[in-house]
Amino acid sequence: MAVRAKRRGKLVVRILCVTNMYPSPQRPGSGAFVWHQVEQLRRLGHTVDVIDILGFQSKMNYLRGALDVMRMTSAAAYDIVHAHYGYSAYPAMFRLQAPLVITLHGTDVVGIGNIFERLCTRAVSHFADAVILVSEEMRRRIPGIVIPCGVDLDVFKPYDRDKARARLGWPKDKHIVLFPFDPARREKRYDLARASVDRLVQEGVDAELMTVFTVAHSEMPWCYSAADAMLLCSDQEGSPTSIKEALACNRPVVATEVGDVGELLGDIAGTRICPPDAGTIARNLREVLDWSRSSEFRGRAAMARYDQALTVEKIVGVYADVLSNCRARTVGRRLLRSG
C-alpha cells in the first residue's frame, strides 16, 4: 500500500479511477460528472490516474480494463482504487493490494429492463471496501453511503441569455426548452419530450425543443443559460446532474419524479415535478416558462449544498475511513499471527 502523506493536516492519497463513462472526443459529455470529480480531487492535491473502459465499443474492453488495472497497480502503489458504475467494478477487482471503493450512479441499480446489470452490480458490491450511492432510493436497494454527485459552481453559472443565444446561434424570439440528453438513450424519453413541446406549439406557444448532447462540457453552461427551461422526462435516474447544472445556471426545470428529483426540486419555487404524460408536462412547461424570465427565480442558491468541493470532501472522508479500517484489519491479523 502506498505511503499516504499529510498536507496541512489533510489526507493526500493516490487514486486509480476505473470508469466506463468519461468524456472523449467521440462522446464529450459522457460521464462529465466523473471527470469533474477527478479534477476536483487533483485540485485538492490528490494524485488521480484514470482507466477509461470503452465498453460501448466492445465488451472485450472490460477484459482489457482488467489487464490495465493489474498492470497499473503492479507498477505503482495506489492507496485507493475507485470504480464508477457497477460493470466497471469487475475490472477494478483485479487490483493489487489497494482497497476498492465503488460509486453506483443509477441505471446500474435501478435500471428498468436490465435485470442482468442490476444483478451484476449487487454481486460486485459485496466485494467492495465501501459503496457510494448517489441517492436514497438506491440505498434502499444496495447498502452504502449516499453522496450525490456535485456540480462545479465555478463552471456552471448563469450567463446573459441573449449573449448565450448569439454564441450558440439559437433564435432569440422563441421559448427554448433544453433537452440535454442523447435521444438514442431510450430511458431518457426523447419521445415524451418531443410530444410535450409539440403540444405547447399546438396551443400557440412559440417554443422549440433544443437537444444538446455532443458539445464540449465547457459549453454546457452557455446552453443552459440560453434556454428558458430544462426538461427531464426520464424513466429512471440516480441523482441527475443535469438538473443541478441547470439550476446552478439559474434555469428552471420540469422533471418526472425519478431518482432524487423530489429532493432536488421540492423546495424551489418555479420548478415542477409531474407524471410522464405529454399533456401534463406541456401544462407545467407553460407555467415554468414565465419563471425563467423572472428575477425571482433562485435556483442557483439551492445548489450550494451540492457544491463539488463539498462532495469531494465527503468522498475523501470515505477514503480515510476505508484506509483506517484496512490498517485495523492488518494490525489484527498480525496480532493473531504473533499470538
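Refer to the structure printed above.
Summarised in this report is the structure supplied together with it. (Residues numbered from 1 in each chain as written. Predicted model: local features only at pLDDT ≥ 70, side-chain atom pairs only at ≥ 80, totals over all residues. Heavy atoms only, no water.)

The next thing to look at is the pairing of strand S10 (residues 207–211). Pairing of strand S9 (residues 175–179) with S10 involves five bridges; the strand directions are parallel. Bridge pairing in S10 places Ile176 opposite Glu208. Where the polypeptide runs from S9 across helix H8 (residues 190–202) and back to S10, its parallel neighbour, the crossover connection is right-handed. (Pairing = 2+ DSSP bridges. Helix = DSSP H or I, 4+ residues; strand = E, 2+ residues; numbered from the N terminus. Right-handed = clockwise from strand over helix to strand, strands pointing away.)

What follows concerns the environment of Val69. Relative to the elements of secondary structure, Val69 occurs in helix H2 (residues 60–75). Judged by relative accessible area, Val69 falls into the buried class, the value being 0%. When the C-alpha positions of Val69 and Val18 are compared, they lie 8.1 Å apart, and in sequence the two are 51 residues distant. Aside from chain neighbours lying at most four places away, what touches Val69 is Val18, Ile51, Pro91, Ala92, Phe94 and Arg95. (Buried < 20%, exposed > 50% of the residue type's maximum accessible area, 1.4 Å probe, protein only. Contact = heavy atoms within 4.5 Å.)

Let us now look at the layout of surface pockets. In this structure, the largest pocket encloses a volume near 1,300 Å³. In terms of lining, the largest pocket is formed by 48 residues, of which the most central are Met21, Ser30, Tyr85, Arg185 and Lys188. Looking at the lining of the largest pocket, the elements with two or more residues in it are helix H1 (32–43), helix H9 (220–226) and helix H10 (241–248). If one sorts the elements of the lining of the largest pocket by residue count, H10 sits on top with three residues. Its residues assigned to classes, the lining of the largest pocket comprises 19 nonpolar, 18 polar and eleven charged. (1 Å grid on protein atoms, 1.4 Å probe; cavity = no way out; pocket = protein on both sides within 12 Å on 5 of 7 lines; lining within 4 Å. Points joined across faces, edges and corners; volume = space filled by probe spheres on them. Nonpolar A, V, L, I, M, F, W, Y, C, P; charged D, E, K, R; others polar.)

Quick look at the sheet that holds strand S8 (residues 145–146) now. Within a sheet, adjacent strands bond to each other through the backbone by hydrogen bonds, running parallel or antiparallel. Taking strand neighbours across the sheet as the criterion, the six strands line up as S4-S3-S5-S6-S7-S8 in an open arrangement whose pairing is parallel. Looking at the sheet topology across the chains shown, the edges are occupied by strand S4 (47–52) and S8. Here strand S7 (residues 130–133) runs beside S8; their pairing, made up of two bridges, is parallel. Along S8, the bridge assignment pairs Leu133 with Val146. The sheet contacts of H2 involve strand S3 (14–19), S4 and strand S5 (80–84), and relative to S4 the element is tilted by about 155 degrees. (Axes fitted to C-alpha atoms, helices over the stretch in contact; angles between N-to-C directions.)

Moving on, we get to the nonpolar core. Across soluble globular proteins, nonpolar side chains have a tendency to be buried as a group. Core analysis: the largest hydrophobic core is formed by 53 residues, its most contacted members being Ile243 and Leu285. No other element matches the six residues that helix H12 (residues 278–292) contributes to this core. Leaving out residues up to four positions away in the same chain, Ile243 has contacts with Met230, Leu232, Val253, Ala255, Val261, Leu264 and Leu265. (Core = buried A, V, L, I, M, F, W, Y, C linked by side-chain atoms within 4.5 Å.)

On the surface, Met60, Leu63, Leu67, Met70, Tyr90, Met93, Phe94 and Phe127 cluster together into a nonpolar patch covering about 760 Å² of accessible area. Here the nonpolar patch gets four residues from one element, more than from any other, and that element is H2. Mapped onto the secondary structure, Phe94 falls in the loop between helix H3 (86–92) and strand S6 (100–104). According to the relative accessible area criterion, Phe94 is partly exposed, its value standing at 44%. (Patch = residues over 30% accessible without salt bridge, like charges linked within 9 Å, V, L, I, M, F, W, Y side chains within 5 Å. Areas by Shrake-Rupley, 256 points an atom, 1.4 Å probe, with all protein chains shown as cover. Salt bridge = Lys/Arg side-chain N within 4 Å of Asp/Glu carboxyl O.)

As a further point, take the packing of aromatic side chains. As enumerated under the stated definition, the model contains five aromatic pairs in all. Both rings, one in Tyr62 and one in Tyr87, keep their centres 6.0 Å apart while their planes meet at 70 degrees; by these two values the pair is edge-to-face. One end of the pair, Tyr62, is in helix H2; the other, Tyr87, is in helix H3, and 25 residues separate them in sequence. Owing to a relative accessible area of 15%, Tyr62 belongs among the buried residues under this scheme. (Phe/Tyr/Trp six-rings, centres within 6.5 Å; stacked < 30°, edge-to-face > 60°.)

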